[in-house]
2 protein chains.
Amino acid sequence: MPYFDAASAAPLHPVAREALLASLDEGWADPARLYREGRRGRLLLDAAREAAAEAVGCRPDELVFTPSGTQAVHTGVAGALAGRRRTGRRLLHSAVEHSSVLHAAEAHAAAGGTVAELAVDRTGRVAAGDVAAALTPDTALVALQSANHEVGTEQPVEEVAELCQEAGVPLLVDAAQSLAWGPVPGAWSLLAASAHKWGGPPGVGVLAVRKGTRFAPQGPRDERESGRSAGFENIPAVVAAAAALRALRSGPGTDTEAARLRELVDRIRTRLPELVPDVEVVGDPVRRLPHLVTFSCLYVDGETLLHELDRAGFSVSSGSSCTSSTLTPSHVLRAMGVLSEGNVRVSLPYGTAEADVERFLEVLPGVVRSVRERLGVAAEAPVAAPGSAPREPSAAVAEEPAGAAAEEPEGVVVDALGRRCPIPVIELAKTIGQVPVGGTVTVLSDDEAARQDIPAWCGMRDQEYVGERAAERGAAYVVRRRV
Amino acid sequence: MPYFDAASAAPLHPVAREALLASLDEGWADPARLYREGRRGRLLLDAAREAAAEAVGCRPDELVFTPSGTQAVHTGVAGALAGRRRTGRRLLHSAVEHSSVLHAAEAHAAAGGTVAELAVDRTGRVAAGDVAAALTPDTALVALQSANHEVGTEQPVEEVAELCQEAGVPLLVDAAQSLAWGPVPGAWSLLAASAHKWGGPPGVGVLAVRKGTRFAPQGPRDERESGRSAGFENIPAVVAAAAALRALRSGPGTDTEAARLRELVDRIRTRLPELVPDVEVVGDPVRRLPHLVTFSCLYVDGETLLHELDRAGFSVSSGSSCTSSTLTPSHVLRAMGVLSEGNVRVSLPYGTAEADVERFLEVLPGVVRSVRERLGVAAEAPVAAPGSAPREPSAAVAEEPAGAAAEEPEGVVVDALGRRCPIPVIELAKTIGQVPVGGTVTVLSDDEAARQDIPAWCGMRDQEYVGERAAERGAAYVVRRRV
């Protein structure tokens, strides 16, 4: 049963398992105590810290363990901002950061700080030049991930670190997705990561704060971990996490494995568009994590797609809004301006069998086809012929009443209010054939995904996206038929 | 090699170990995911929550897991205070709470809140009547531990909970030390605990917030654990923690074990004063944790005592200032007004062999004697004969110069400036015989422990503690010879 969601959590590495077992018996006591059990724990903790620091590329006294990657980010952002309060209170981060960074930024804004977001291109990448332009004198901290967690695109961290260093602004790198594959190069000031992403156990994050970085830990003080992470040390888990990271980095075949997974991902990227109609593979094809690829399928409900893939034995995740409880699609896909419906992220764990990837490519087309059929979309011809009536269940289609859109008098209006992704796009696709070339379809929708997916559909289908207008409920999205 | 510091951390319970191993393979995936690995994790997490809630005595949806007991306390205090901000900003806690509560209180005060401390009696117990008197209309939260972590004294939690309920003020109970032995009775509103104290793995705390309690989580938001504990769930550890708690509570022999340890502790409490001269056993002899006893030895350096006990194979901890880096003795012993020098806490883990306790009682007298001898104190006669000169190394003793203390002209001054605990008390003991009954000895000391240990010595030695005066450096402690 292939598990293809390593970017969420990787199965425990065998070396981590072994180290965990050994240190359950040796590392349970309080390392602050002077008796033998405590001293033994302290030795284990020190050794784990040295191993982790070596893998991160910092000094052991610059690194603390936290209970999670999320807490490493929260602590790092809050501590760095507080340390620079006199200089300014502006936090600059990319639009595609992990939610832990976004939530730390929200908390900063709620406390009176200011937050600025850096846009990304269609591959999800920040332009270093944009960072340079945004480095105002009151900027206290820049946060940039090493590689994106949803689409795999690598960020220009080394270049940005240099710009930040020149400007005297610290850079915090969220390295959660990339640390398994190598250290983050460059003169970053803070780095956060999460052990369960690299095959360590849950319960371990890493926060490195390089010497010379102003840092003022927030929250109630605690003497553990240099005052930067409150609570009793989780030594068995920390030992296991460090052992797994060391094994990945210096074990035999590490480079080969990255290259092998990169090739498997290339295979998915190349063959998917040949196998599945109306699919968009997103993210940078080259400057990317070795093991991760994301694609979106038009006219597909992400939740059903995941469910069907699960039934077929594949565990993957999705950034579609229809799979989450938030009603908003992934902020990463939105920032990139790409399709969010029918979104699938495949992230291969170490040692993924080639045969499993091949089987995924065999199974996926049929799964997508069946989901589309259930939604009333024919596999090869989702756009209905001119004049054909919309099928049930569907949204109401009507000639636009005079006055509702005086500037588009020739149009057709699709009322998709109350319908969730992917229905508004499906109705648009069915209706576009009913208007002449040059005519418009206006989709009324209160589904947040429509704002993103209707323009994305236009790009994929070579239709013209005219724009969005306010409507009584939701918004009106206007599309002009071009082909 | 007997480990007698269960109150710091208990060795992993065999049931916890087994559960941890099993759930490392079953519970590593993200429980928020819909695929089978995620669903499996969710089931494990839900079952662990149910088991923990049953042991705590709350509903499963009232309980979240945190990465540590410390974080459970920090989160609980901050969330409860924020939830009641409109009512008031006053936090009331006992003077003997765990440092995690005190640090949360400091953070509250630093953010503009007010904090009031409840005094304890000589056993370390809060009087419920004091709580009633202190429940002002602007009190937002009361924090009271179920039992003290240093001396084992149980607090009148049930009574205080009732008073709080009548006043409409929530009560947070830090149950870290007692939860292994039974649920905390009464109408408390919030409860915090820590799994590694009951034989669960490190990395797991518990926070229960009863329905109807106003609670506003602080810090960056996170969707995990009902928004009350940020970061990826540590399912294997949580499952192990819940399994250990259930095993302790409902396993065969639990009640017997508590009674057996209680008897062993009684044995220590009774026999110590017979075996070791000048020892003070502290804490409530009856209303106490079954497994914990604390005592202090006059004229003994706590660090050396711990070191010698460690050499003899016994792992214990101490609240003496000379064993820590803070230079201040335990705030618990200070609040109780008892001796802090030569302090030893013995906390027996489940299954402690009776023979080990007997051996401890055999070994301790010799260890104390040897430490005293090294400090120049004769085992049976620490008070020097009148007129005998102080031995080297010692503090300077001089007739008090006229004018320095006009109200005590007949006195002798001991200059113990720059000398650390237990030297000031040893010098006092050596000097008291040099003054006539009714005469005084004034000890000059800049050691924080002297403020506590000189009055405690007077109580133990039936001498009169006159009081403290300001001095050029440190303070001057005046003692009148009574016997």
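Residues numbered from 1 in each chain as written. Chains lettered and ligands numbered in written order. Predicted model: local features only at pLDDT ≥ 70, side-chain atom pairs only at ≥ 80, totals over all residues. Heavy atoms only, no water.

Per an unreviewed UniProt entry, chain A carries the name Cysteine desulfurase/sulfurtransferase TusA family protein and comes from Streptomyces endophytica. UniProt, in the comment section headed Cofactor (unreviewed entry), describes chain A in these words: "pyridoxal 5'-phosphate". What the UniProt record of chain A gives under Sequence similarities (unreviewed entry) is the line "Belongs to the class-V pyridoxal-phosphate-dependent aminotransferase family. NifS/IscS subfamily." (UniProt positions renumbered as here; feature names shortened; annotations may be inferred.)

### Let's talk about the pattern of salt bridges
Close approach of charged atoms allows side chains with opposite charge to pair. Residues and elements named next belong to chain A. One pass over the full model with this rule turns up 68 salt bridges over all chains. The shortest N-O distance in the salt bridge between Glu358 and Arg267 comes to 2.7 Å. Taken together, the residues span a long stretch of sequence, with Glu358 in helix α11 (residues 354-374) and Arg267 in helix α8 (residues 254-275) at a distance of 91 residues. With a relative accessible area of 21%, Glu358 lands in the partly exposed category. Since its relative accessible area comes to 15%, Arg267 is described here as buried. (Salt bridge = Lys/Arg side-chain N within 4 Å of Asp/Glu carboxyl O. Helix = DSSP H or I, 4+ residues; strand = E, 2+ residues; numbered from the N terminus. Buried < 20%, exposed > 50% of the residue type's maximum accessible area, 1.4 Å probe, protein only.)

### Notes on the relation of the copies chain A and chain B
Mapping chain A onto chain B calls for a screw motion: a turn of 180° about the axis and a shift of 0.0 Å along it, with 0.1 Å RMSD after fitting. Such values leave the two copies arranged in the relation of a two-fold axis. Looking at the interface residues of chain A, 98% of them are also at the interface in chain B, so both copies use one shared face. (Least-squares fit on C-alpha atoms with pLDDT ≥ 70 in both. Contact = heavy atoms within 4.5 Å.)

### Structural notes on the environment of Val160 of chain B
Residue and element names in this part refer to chain B. Relative to the helices and strands, Val160 is located in helix α6 (residues 157-167). Separated by 58 residues in the primary sequence, Val160 and Gln218 place their C-alpha atoms 26 Å from one another. Setting aside anything within four residues of it in sequence, one finds Val160 in contact with Ala128, Val131, Leu144 and Leu171.

### Section: the sheet that holds strand β6 (residues 190-194) of chain A
The strands making up a sheet are joined through hydrogen bonds of the backbone, oriented either antiparallel or parallel. All names here are of chain A. Across the sheet, which stays open at both edges, the 7 strands sit in the order β1-β7-β6-β5-β4-β2-β3 with mixed pairing between neighbours. Every interior strand has two partners, whereas the edge strands, β1 (63-66) and β3 (114-118), have only one. Neighbour-to-neighbour, the strand axes of the sheet open up by a mean angle of 20°, direction not taken into account. With 5 bridges joining them, β6 and strand β7 (residues 205-209) adopt antiparallel strand pairing. In the strand pairing of β7, Ser194 is matched with Gly205. Packing against the sheet, helix α2 (residues 36-56) makes contact with β1, β6 and β7, and its axis sits at approximately 110° to β1. (Pairing = 2+ DSSP bridges. Axes fitted to C-alpha atoms, helices over the stretch in contact; angles between N-to-C directions.)

### As for the packing of aromatic side chains
If you walk through the whole model with that rule in mind, you get 12 aromatic pairs over all chains. Their ring planes at 85° and their centres at 4.6 Å tell us that Trp28 of chain A and Tyr3 of chain B sit as a pair that is edge-to-face. Taken as a pair, Trp28 of chain A in the loop between α1 (14-26) and α2 and Tyr3 of chain B in the segment before α1 (14-26) lie in two separate chains rather than in one. With a relative accessible area of 12%, Trp28 of chain A lands in the buried category. Residue classification places Tyr3 of chain B among the buried residues on the basis of a relative accessible area of 7%. (Phe/Tyr/Trp six-rings, centres within 6.5 Å; stacked < 30°, edge-to-face > 60°.)

### A look at the interface of chain A and chain B
Opposite the 56 residues of chain A that make contact, chain B presents 55 residues. It is Trp28, Tyr35 and Arg36 of chain A in chain A that bury the most area against chain B; as a group they hold 15% of the surface buried on that side. On inspection of chain A and its partner chain B, the count reaches 10 salt bridges. Close ionic contact of Arg36 of chain B with Asp310 of chain A constitutes a salt bridge, the shortest N to O distance being 3.4 Å. Inspection of the region where chain A meets chain B yields 27 residue pairs in polar contact (both at pLDDT 80 or more). The set of elements that each furnish at least two residues to the side of chain A that touches chain B consists of α1, α2, α3 (69-83), α4 (99-110), α7 (235-250) and α9 (302-311) of chain A. Broken down by element, the side of chain A that touches chain B gets its largest block of residues, 5 residues, from α1 of chain A. Among the residues making up the side of chain A that touches chain B, the classes are represented as 25 nonpolar, 15 polar and 16 charged. (Buried area = accessible area lost by both parts, 1.4 Å probe. Polar contact = N/O pair within 3.5 Å; in protein donor to acceptor, adjacent residues only side chain to side chain. Nonpolar A, V, L, I, M, F, W, Y, C, P; charged D, E, K, R; others polar.)

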